[in-house]
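One letter stands for each residue in the lines below.
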Amino acid sequence: MVLFATVTDSRYRCNRKMPKTFFITTAIDYTNSPPHIGHAYEKVLADVIARYHRLKGDKVFFLTGVDQHGQKVQQSAAKAGVPPAEFVKGITQKFVDLWKKLDVKYDEWAETTSERHKKVVQGILQRLFDAGEIYKDRQAGYYSVRQEQFLTDKERGPDGEFGPEWGQVEFREEENYYFKLEGRKKWLLDLIDERARGKKPVVIPDFRQTELRNAVEKLSGDLCISRPKSRLSWGIELPFDNDFVNYVWFDALTNYITFAGYDPKVDTYEAQSQEFRDRWPALQIIGKDILVPAHGIYWLIMLHAIGFPNNQMPQLLVHGWWNLGGAKMSKSAGNVVDPNALVEKYGTEAVRYYLMDRITTGQDADFSEKFLVSYHNWDLADQLGNLLNRTLNMVHRYRDGIIRRVNPEDLPENDLQKELRNWSGDGNEFEAGMKLFLEGFNPRSWLNAAMARVVGCNGLVEMSAPWKLAKDEQQEKLLDAVLYHLAESLRIIAIWISPVLPKAAHGIFDQLNWKMELSGKEERFSLADAEWGRLPDGHVVGKPIPLFPRIEIDEGV
Ligand code: MSP
C-alpha cells in the first residue's frame, strides 16, 4: 500500500511521482488529569501502526499531543490552586514521560496552548467569519452549569426532567458565535456514501460508519463555538471579538493540521505547502466517544469549509474502550488504571503486549492485571522466551554456537523432514496475519500469527528431540536442519513482533548476534528482511540471556 503524490513544485519543473508520507494521528488528551490506561492504549496502537509502516519502508509522520484549554482544565487548575498554564505544564509532562516509558515514538508533539497553534486557530476562525460561515446569535434556554452547555428537549428524561448527570440546570440567555453545519449535511452524507463504495471508507470499522451516518441524518442546527470570557478565560480569543474565547472543537481538532504544517493564510488546499500536502490526509485514531459528533461531523465539515476537497478527507479509525469490571473507567468513580504503575511493576513490553493482544481494534475489552501477568508468562516467557533460550543453548551445546545451513530437501524423506520442508520458507501464517491486520488495523491478528510460529517451533523441538539426534551420527544433518530452522524462525519472528515489542525484538537479534551494527536502532528491522534463509551457513550465535523472566503473580492482584 504505497501512496503516491504528484509533485508539481516549481523546483521539479515537471510532474513526477514521489512516495507519499504515511501520516497517523491520535486524539490529543485532556490535561485536566494524568494519563490512564485508555490513553496509553490509543497511543501504543498508533505507535504500532506507525512502526509497521516504517518496517515496510514507508516515510512516516506520527503526531500526538495534548488538549490543554477548556472548562475542565480551568476547573481542575482552580481546584489545585494554581494558574491554568502552570497546571497544564505539570500534567503535560506526565504524558510526555509516559510515552517515553512506553516507547511511543512520535515525530511531532501537539500542544494547543502553543503560539503556533493559536495562529492557526485564529487564522481559520477569521477566514470563516469573513466568509459568513460563522455568525453571532442569541440563545435562550436551559443550561447545564456542570456540562457547560445548553440543553434541548432531547436531553430530558422520560419524566420530562433533566437527569442528575447535568448537575445544576438554569434558564439562561446568552450571545455566542455559531459555525454553520446544517448546510453541509447533504455533502457529508454523500461523502460517507461515496467513500464507503471505494477502498478507503471515512470510518473503520463498518458498524461505526453506520452509527455516524445515522447521526448525520439527524443533524440539525449549527455549532456554538464560543464562550463569553466572563465565564471561560482559559482558551484562544476569537480574532474578531475579544470578549469571547473559542470553545473546544475548533481549538482541539485543528491540531491535526497545525502540527503538520498547515498555513491558515492560504485559503485553498492546493496552494498549501508541499510539506503539508505530502503528509495530509491522515489516518486518525480516536476512541468511540469522540466520533459523533466531534470527528465524524464537526471535523469533516470544518475541513470542507476551509477548502479541503473530498479526496483529502481523513480516515477515522475508531477504537473501543478498556473498561474495568465491565464499567467505564472514570476518575470520579475512582476506577482508573495507572499505566505508570503497570510499567514499573511489569515493564514496558509486558504492558504493550497486553494492550495489543487482548483487545480487537474497534471492540471494548475489560482490563485485568491478572491477565496481563498471565499472558506475559504464557506467551512471552513460556513460549517465546523459552524458544529463544533452548535454541541458543542447543546450538552452543551441540554445535559450539555455529549454525549450519541445510536444505531440508536434501534430507532423507521422513515425517520430520516433511515437517521442516513444509515450514521452511512458508510465510503463509505471517501473510494471513498481515492481511487481517491491515483490514482492521488489528495488531492482535498479527501477533497471533507470530505466536503460532513460536508455538510451532516449540512443537518442533519436542517432536525432533535434538538431544536424541545429537547422540546419533547418522542424524547430524537433520540436527543441523532443525537448529537452522529454529534460529531462522526466531530471526523472522523478531522482525514480525518488532512493532509491538521493539525491545524484545532487539533482544532476539542481539542474542542471535545479528545486525549488531544497528543494535538499538529501529532501522535494524525491515519487512523485506523477513525472507526465509538470510542467516548464512557458519553464522555464530550469541549466548542466551533470559528475555522474559516469569512474573510471579501477586495474590493481591
Ligand atoms: N481532548 C479530547 C480529544 C480531542 S481530539 C482532537 C478528548 N480527550 S480525552 O483525554 O478525554 O480522551 C483522549 C482519547 O482517549 C480519546 O480518543 C478517548 O476515546 C480515549 N479514551 C479515554 N478513555 C478510554 C478508555 N477507557 N479506553 C480506551 N480509550 C479511551 O476526548
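Residues numbered from 1 in each chain as written. Predicted model: local features only at pLDDT ≥ 70, side-chain atom pairs only at ≥ 80, totals over all residues. Heavy atoms only, no water.

Thoughts on the overall build of the chain
What the chain contains, in helices and strands, is 19 helices and 19 strands. Its C-alpha atoms give the chain principal-axis dimensions of roughly 95 × 65 × 40 Å. Here the chain holds 557 residues, and the buried ones make up 54% of them. Long-range contacts, defined here as pairs at least 24 residues apart, represent 76% of the contacts in the chain between residues at least 6 apart. By element, 50% of the accessible surface of the chain is carried by carbon and sulfur atoms, the whole surface being about 24,600 Å². (Helix = DSSP H or I, 4+ residues; strand = E, 2+ residues; numbered from the N terminus. Buried < 20%, exposed > 50% of the residue type's maximum accessible area, 1.4 Å probe, protein only. Contact = heavy atoms within 4.5 Å. Areas by Shrake-Rupley, 256 points an atom, 1.4 Å probe, with all protein chains shown as cover.)

Considerations on helix α2 (residues 71-80)
Restricting attention to buried positions, one finds in α2 the residues Q71, V73, Q74, S76 and A77. Tucked inside the fold, the buried residues of α2 contact β5 (60-67) and α3 (84-101). Backbone geometry just after α2 places G81 at a positive phi near 75 degrees.

Structural notes on the sheet that holds strand β14 (residues 241-246)
Spatial ordering of the open sheet is given by β12-β14-β13, a layout of 3 strands whose pairing is antiparallel. The sheet is open, and its two borders are formed by β12 (226-228) and β13 (237-238), each paired with just one other strand. In the sheet, β12 pairs with β14 via 3 bridges, with the strands oriented antiparallel. The partner of R227 across the bridge, within β14, is V245. (Pairing = 2+ DSSP bridges.)

So, the site of the ligand
The immediate surroundings of the ligand are formed by 23 residues, with I28, E42, D67, G287 and D289 found nearest. Interatomic distance of 3.0 Å between a backbone N/O atom of Y30 and an oxygen atom of the ligand. E42 has a polar side-chain atom sitting 2.6 Å from an oxygen atom of the ligand. Here the ligand has 660 Å² of accessible area as a free molecule, and 94% of this is covered by the chains. Mapped by element, the contributors of at least two residues to the shell around the ligand are β4 (29-30), α1 (37-56), α7 (249-253), α8 (255-258) and β15 (283-287). Among the residues making up the shell around the ligand, the classes are represented as 11 nonpolar, 8 polar and 4 charged. (Near = heavy atom within 4 Å. Polar contact = N/O pair within 3.5 Å; in protein donor to acceptor, adjacent residues only side chain to side chain. Nonpolar A, V, L, I, M, F, W, Y, C, P; charged D, E, K, R; others polar.)

With respect to the packing of aromatic side chains
Counted under the stated rule, the structure contains 32 aromatic pairs. Judged by centre distance (6.1 Å) and plane angle (50 degrees), the ring pair of F95 and W99 falls under tilted. Here F95 pairs with W99, and both are found in helix α3, just 4 residues apart, close to one helical turn. Its relative accessible area of 0% is what places F95 among the buried residues. When the ring of Y177 is compared with that of F240, the centres are 5.1 Å apart and the planes differ by 65 degrees; the resulting orientation is edge-to-face. Linking Y177 in strand β9 (residues 169-179) with F240 in the loop between β13 and β14, this pair joins segments that are 63 residues apart in sequence. For F240, a relative accessible area of 18% translates into the label buried. (Phe/Tyr/Trp six-rings, centres within 6.5 Å; stacked < 30°, edge-to-face > 60°.)

Comments concerning the sheet that holds strand β19 (residues 365-366)
Taken in spatial order, the 3 strands of this open sheet run β18-β17-β19, and their pairing is mixed. Of all strands in the sheet, those bounded by a partner on one side alone are β18 (327-328) and β19. Bridge count for strand β17 (residues 322-324) against β19 is 2 bridges, and the pairing is parallel. Bridge assignment links W322 to a residue of β19, and that residue is A365.

As for the side chain of E174
In this fold, E174 is placed in strand β9. E174 sits in the buried class, given a relative accessible area of 10%. What E174 contacts, discounting residues up to four positions off in sequence, is D137, R138, Q139, F150, P228 and R231.

A look at unusual backbone geometry
The step from I204 to P205 runs through a cis peptide bond, and the omega angle for that step is -5 degrees. Take P205: it is sitting in the loop between β10 (203-204) and α6 (206-217). Looking along the chain, the bond that leaves V292 and enters P293 is cis, with omega of 0 degrees. Note on placement: P293 falls in helix α10 (residues 291-305). In this structure, N513 takes a positive phi of about 60 degrees despite not being glycine. Within the secondary structure, N513 sits in the segment after α19 (502-512).

Here we look at the packing of helix α12 (residues 348-357) against α19
Where α12 contacts α19, the two axes come as close as 8 Å, and the packing angle between them is 120 degrees. Note on element contacts: α19 touches α12 through P502, K503 and A504, opposite T348, E349 and R352. Its residues assigned to classes, the contact of α12 with α19 comprises 2 nonpolar, 1 polar and 3 charged. (Axes fitted to C-alpha atoms, helices over the stretch in contact; angles between N-to-C directions.)

Brief notes about the confidence of the model for the chain
Looking at the chain as a whole, its pLDDT mean stands at 93, while 96% of the residues score no less than 70. Counting contacts from residues 1-16, a segment whose pLDDT is below 50, to residues more than four positions away or on other chains yields 29 contacts. (pLDDT = per-residue confidence, 0-100.)

Observations regarding the packing of α6 against α10
Contact geometry of α6 with α10 gives a least axis separation of 10 Å together with a crossing angle of 80 degrees. Judged by the inter-axis angle, α6 sits roughly perpendicular to α10. Between α6 and α10, the contacting residues are R208, E211, L212, A215 and V216 on the first element and L291, V292, G296 and I297 on the second. A breakdown of the residues in the contact of α6 with α10 according to their chemical character gives 6 nonpolar, 1 polar and 2 charged. (Parallel < 35°, antiparallel > 145°, perpendicular 65-115°, else oblique.)

Digging into helix α4 (residues 115-130)
Here α4 contains 16 residues, and its C-alpha end-to-end distance of 22 Å stays within 8% of the 22 Å for a straight helix at 1.5 Å per residue. All of the buried residues in α4 are H117, V120, V121, Q122, I124, L125, R127 and L128. Immediately downstream of α4, the backbone of G132 shows phi near 80 degrees, a positive value. (Expected span 1.5 Å × (residues − 1).)

Notes on the nonpolar core
Ranked by internal contacts, the top residues of the largest apolar core, which has 107 residues, are I49, W322 and I497. A total of 15 residues in this core trace back to one element, the largest contributor, which is helix α18 (residues 476-497). Excluding residues within four positions of it along the chain, W322 makes contact with I37, Y41, M329, Y354, L355, R358, I359, A365, D366 and F367. Judged by nonpolar contacts, the second largest core, of 61 residues, contains L238, A260, L300 and A305. (Core = buried A, V, L, I, M, F, W, Y, C linked by side-chain atoms within 4.5 Å.)

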